[in-house]
Amino acid sequence: MIFIQVFHVKMLYSGAYVKIQNGKSPFTILSIVAFSTLGYVAAQFLMSYMLTDSAYMIVLMMAYTVVSIVTAYLSTFVHRYIYIRKYNEKVLKMYPDLGKPKDSRKFG
């Protein structure tokens, strides 16, 4: 947890988050979330393996981890969907290309 806090503070003060939001960084929020999720699952597996000899308990902990991650991921998209449906006019003012086919969107 200390590593994550130090990493977050360095990213915050270096302006990396602003670069990511503006699309000027090779990293994306999705890649950061994916790598942190994989790190969490790997750490959970290693800790479970070190602390218990039961394969059944390790499988249960891994299943619980996967269900938790999938729930968090899906709840984010459900929240976005509800927000877009509720405030469709505001969203279309901010993102006029939303909902258009890919070949008719303006990038940049």
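Residues numbered from 1 in each chain as written. Predicted model: local features only at pLDDT ≥ 70, side-chain atom pairs only at ≥ 80, totals over all residues. Heavy atoms only, no water.

## Points about the layout of surface pockets
A water-sized probe, rolled over the atoms, reveals where empty space remains. Looking at the second largest pocket, its volume works out to about 480 Å³. Along the wall of the second largest pocket there are 16 residues; nearest its centre are Ile4, Phe7, Ile32, Phe35 and Ser36. Put simply, the parts of the chain that give the lining of the second largest pocket at least two residues each are helix H1 (2-14), helix H2 (16-22) and helix H3 (29-51). The leading source of residues in the lining of the second largest pocket is H3, at eight residues. Each residue belonging to the lining of the second largest pocket can be placed in one class, and the counts come to eleven nonpolar, five polar and no charged. (1 Å grid on protein atoms, 1.4 Å probe; cavity = no way out; pocket = protein on both sides within 12 Å on 5 of 7 lines; lining within 4 Å. Points joined across faces, edges and corners; volume = space filled by probe spheres on them. Helix = DSSP H or I, 4+ residues; strand = E, 2+ residues; numbered from the N terminus. Nonpolar A, V, L, I, M, F, W, Y, C, P; charged D, E, K, R; others polar.)

## Some points on the packing of aromatic side chains
All chains considered together, the criterion is met by two aromatic pairs. On the basis of an interplanar angle of 65 degrees and a centroid distance of 4.9 Å, the ring pair of Tyr73 and Phe77 is categorised as edge-to-face. Linking Tyr73 with Phe77, this pair stays in helix H4 (residues 55-86), spanning four residues, or about one helical turn. Assessed through its relative accessible area of 43%, Tyr73 is described here as partly exposed. Geometry around Phe77 places Arg80 over its ring, the cationic atom sitting 5.1 Å from the centre. (Phe/Tyr/Trp six-rings, centres within 6.5 Å; stacked < 30°, edge-to-face > 60°. Buried < 20%, exposed > 50% of the residue type's maximum accessible area, 1.4 Å probe, protein only. Lys NZ or Arg CZ within 6 Å of the ring centre and 35° of its normal.)

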